[in-house]
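Structural description and commentary
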Amino acid sequence: ESADVVVLGAGPAGLVLGVLLHTAGIDCVVLERASRTHVQTRARAGFLAPNTVRILERHGLADGLHSSGRRHGTCEFRTEDGRFRLDYGALGNGGHHHVYPQQNLVTDLLTHYLAIGGRIRFHTEAVVVRDADGTQPYVTTREPDGRPARWTARYVAGCDGRHGAARRSLPPGAVRHHQHDHGVTWLGLLAEAPPSLDAVGYAIHARGFAGHMARTQDVTRYYLQWQRGTPADSWSEQRIWDELDARMRAEDHGPLRRGGLLERAVFDLTCDVVEPLRHGSLFLAGDAASLLAPAAAKGANLAVLEAEILAEALTGALVRGDTTGLDTYSDRCLAHIWRAQEFTGWMTRLLHATSDTSDRDDHGAGSFFLAALQRSRLNSLRTSRIHQDWFAENYVGV
Ligand code: RFL
C-alpha cells in the first residue's frame, strides 16, 4: 500500500499532522500500533500552553478544550519558609494554561480526523523505515492479523514517540543523539480525587519533592520524588497519601482530598534531543524528536507546534514543489526544543536539591550545598518581580 505521507503514531503530534495534511488535500495515512481505545484513554499531559491553544483554534480543533477545559494561571510553592503563590497568568506576557487532559485532546483530534475522511490504521506497528535517503522510502509494518506488510511513501513522519520505529531506523552516524539525566526519579500518580488546591502545587521538602496538578473535577495528578530503582507498587496507598501529606505540609496548609489511585508509574527524569530532526525523507516530531522531563509540562505542547510546522513544510513540498520548509524544519524546531529543555532543566533544579546521583541521602533529597542553592533560587522567585515575570513567560511559553 502507499500514501504520499505515512505518519507513524496517533499521539498529539501524529494526529495534528494527519488532520492538517488531510485538510490540505494531501494523501496521508496514520499507522498506530495500539487500539483506538488505548490511545483515547492514555492519561498523560494536561497543561496546554497559549500557543498550543492558538494552533488548535486556527485549525478548528479547539471546541472540546473550550467547552470542558479550564483556564489556569496560578501555582503555589510550599517550602520550609512557608508558601507563596505566583499568579503567572497575570505576570510575564499574561499567558494562561488550559487544563485539558491529553486523552481528551487525542479523542477530539481523532474524531475530527475521521469525520473529514482521514485514513488511520490501528493495531498496525511500524517495524522499520527503509531507504529514507533514497528516492522511494517505505515502512515495513506488522498488520493487525500479524502478517508483515510494506507502505511506500514520499515522506515519512516519525511521530511514534521515544521507543518508536522512526528513531530505531536512523542509521548510526546519520544524526546525533544528545542525552541528559537530571538524576531524579518520580512516582507519577493519578488519583480518583478532586484537586486539593486551586493551583499547581509544588512542594519542596527535605524528604523530596511532591507535586499536585489538577486534571478534571474528579481526577488529580500527583508526583512524588522517588528512590530510583524502587518499584511503583512497593508502597501502600495509605503510605503514599501519608507521604504526600507530609511533603505538601497538610498540617500547615490543609489536608489533601484522598481517593483511590488509578495509576502509578515510575520514571526517571531524563531527556534527549535528536539532531537534526531529519534523515532524508524521514522527519521526526514530538517525543520522537525530543523527550523532555515532565517537570515543566512542555512535551505535548512541543508535539503540537512541531506537527504544525511539519504540516506546512510537507504541504509546501507536495503542493507547491517548494522544499524550503522541509530544509528549515529541523533548525526551526530545535530552537524551540532547546529553549524548552533549558527551562525544564531550570525547573528541575528549582524543585529538587540534586542533579547528581552520587550526591544524595536515603530519601533522594540532595546535599546541604545543593539544598541551600535551591532555597536561594526559591527566595529569588518569591521576592523578585523580574524573576517572576521571567518564570511566567517561560512557564507558559512554547
Ligand atoms: P505519544 O503521545 O507518545 O504518541 C506516540 C504514538 O505512537 C504509537 N507508537 C507506534 N505506532 C506505530 N508503530 C510503532 N512502532 C509505534 N511506537 C509507538 C504509540 O502507541 C502512540 O500512540 O507521542 P507524541 O504525539 O509525540 O506526543 C508527546 C506527548 O504525549 C508527551 O510529550 C507528553 O505526554 C509529555 N507530558 C506532558 N506534556 C505536556 O505538555 N504537559 C504535561 O502536563 C505533561 N505531563 C507528560 C506528562 C508525560 C508523562 N509521561 C509519559 C511520563 C505527564 C506524564 C506522566
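Residues numbered from 1 in each chain as written. Predicted model: local features only at pLDDT ≥ 70, side-chain atom pairs only at ≥ 80, totals over all residues.

Turning our eyes to something else, we now look at the overall build of the protein. Looking only at helices and strands, one finds 12 helices and 20 strands in the protein. At 21 Å, the protein has a C-alpha radius of gyration in line with the 21 Å of a compact globule built from 398 residues. Burial analysis of the protein (398 residues in total) assigns 48% to the buried set. For the protein, the proportion of contacts with a sequence separation of at least 24, taken over those separated by at least 6, is 72%. (Helix = DSSP H or I, 4+ residues; strand = E, 2+ residues; numbered from the N terminus. Rg over C-alpha atoms; globule rule 2.2 N^0.38 Å. Buried ≥ 20, exposed ≤ 12 C-beta atoms within 10 Å, placed from the backbone. Contact = placed C-beta atoms within 7 Å.)

Using the residue numbers shown here, the UniProt feature "domain: FAD-binding" (unreviewed entry) corresponds to residues 3-343. Helix makes up 32% of residues 3-343 and strand 30%. Its end C-alpha atoms lie 38 Å apart. (UniProt positions renumbered as here; feature names shortened; annotations may be inferred.)

What follows covers the sheet that holds strand β7 (residues 97-99). Read across the sheet, three strands follow the order β3-β7-β4 without closing on themselves; strand pairing throughout is antiparallel. The open sheet has two edge strands with one neighbour each: β3 (47-48) and β4 (70-72). (Pairing = 2+ DSSP bridges.)

So, on to the site of the ligand. Lining the immediate environment of the ligand, one finds 35 residues, of which Gly9, Gly11, Ala45, Gly286 and Gly299 sit closest. Mapped onto the shell around the ligand, the elements with two or more residues apiece are α1 (12-23), β9 (125-130) and α9 (299-320). If one sorts the elements of the shell around the ligand by residue count, α9 sits on top with four residues. For the shell around the ligand, the residue count by class is 17 nonpolar, 11 polar and seven charged. (Near = placed C-beta within 6 Å. Nonpolar A, V, L, I, M, F, W, Y, C, P; charged D, E, K, R; others polar.)

Of the positions making up helix α3 (residues 50-58), those classed as buried are Thr52, Val53, Ile55 and Leu56. For α3, the angular spread of the buried residues around the axis is 160 degrees, confining them to a single face. With respect to the buried face of α3, the exposed residues turned more than 90 degrees away are Arg54 and Arg58. Those residues of α3 that are buried lie in contact with β3, α4 (63-68), β7 and α9. Taken from the residues just after α3, Gly60 is the one with a positive phi, measuring 70 degrees. (Arc of directions from axis to C-beta.)

Another point: the packing of α9 against helix α10 (residues 324-351). Each pair of packed helices can be summarised by the angle the axes make with each other and by the distance between the axes. Two elements in contact, α9 and α10, have axes whose closest approach is 9 Å; the angle formed by their N-to-C orientations is 170 degrees. By the angle class used here, α9 and α10 are roughly antiparallel. Two secondary-structure elements touch here, α9 through Leu302, Leu305, Glu306, Ile309, Leu310, Glu312, Ala313, Gly316 and Ala317 and α10 through Thr324, Gly325, Leu326, Tyr329, Arg332, Cys333, His336, Ile337 and Ala340. Split into classes, the residues belonging to the contact of α9 with α10 amount to 11 nonpolar, four polar and three charged. (Axes fitted to C-alpha atoms, helices over the stretch in contact; angles between N-to-C directions. Parallel < 35°, antiparallel > 145°, perpendicular 65-115°, else oblique.)

Taken together, six strands build an open sheet; the order of strands is β8-β2-β1-β12-β19-β18 and the sheet is mixed. Across the chains shown, the open sheet's two edge strands, defined by having one partner strand only, are β8 (119-121) and β18 (278-279). Sheet analysis places strand β2 (residues 28-31) next to β8, joined by three bridges and oriented parallel. Bridge pairing in β8 links Leu31 to Arg121.

Bringing the environment of Met213 into the picture now. Looking at the secondary structure, you find Met213 in strand β15 (residues 210-214). By C-beta crowding, Met213 is classed as buried, having 21 other C-beta atoms within 10 Å. When the C-alpha positions of Met213 and Asp198 are compared, they lie 9.2 Å apart, and in sequence the two are 15 residues distant. Those residues within four positions of Met213 in sequence are excluded, and the remaining contacts are Gly46, Val200 and Arg221.

Turning our eyes to something else, we now look at the pairing of strand β1 (residues 5-8). Burial along β1 is two-sided: Val5 and Val7 and Val6 and Leu8, pointing in opposite directions, are all buried. Taken together, β1, α1 and β2 constitute a β-α-β crossover, and its handedness is right-handed. Pairing between β1 and strand β12 (residues 155-158): four bridges, direction parallel. Pairing of Val7 across the sheet is with Ala157, part of β12. (Right-handed = clockwise from strand over helix to strand, strands pointing away.)

Here α1 crosses helix α5 (residues 102-115) at 25 degrees, and the two axes come no closer than 9 Å. One element, α1, and the other, α5, form an angle in the roughly parallel class. The handedness of the crossing between α1 and α5 comes out as left-handed. Of the residues in α5, those touching α1 at Pro12, Leu15, Val16, Gly18, Val19 and His22 are Gln102, Leu105, Val106, Leu109, Leu110, His112 and Tyr113. Tallied by class, residues from the contact of α1 with α5 come to nine nonpolar, four polar and no charged. (Left-handed = near helix turned anticlockwise from the far one by under 90°.)

Owing to its 3.6 residues per turn, the α-helix aligns residues three or four sequence positions apart on the same side. Taking 1.5 Å of rise per residue, the 14 residues of α5 would be expected to cover 20 Å, and the 20 Å separating its terminal C-alpha atoms lies within 8% of that figure. Within α5, burial applies to Gln102, Leu105, Val106, Asp108, Leu109, Leu110, His112 and Tyr113. Immediately beyond the C-terminal end of α5, within one or two residues, lies Gly117, with a positive phi of roughly 95 degrees. (Expected span 1.5 Å × (residues − 1).)

For the rest of this paragraph, the subject is unusual backbone geometry. A cis geometry characterises the amide bond from Glu275 onward to Pro276, with omega recorded as -5 degrees. As for its placement among the helices and strands, Pro276 is situated in the loop between β17 (261-275) and β18. Not every positive phi belongs to a glycine, and Arg249 is a case in point at roughly 55 degrees. Considering the arrangement of structural elements, one finds Arg249 in the loop between α7 (237-247) and α8 (250-253).

Glancing now at the nonpolar core. Counting 120 residues, the largest nonpolar core has Val5, Val6, Leu8, Leu17, Ala157, Ala285 and Leu310 as the members making the most contacts within it. Looking at this core, the element that brings in the most residues is α9, giving 13 residues. Not counting residues within four places of it along the chain, the set of residues in contact with Leu17 comprises Val7, Ala157, Cys159, Ala285, Ala307, Leu310 and Ala311. (Core = buried A, V, L, I, M, F, W, Y, C linked by C-beta atoms within 7 Å.)

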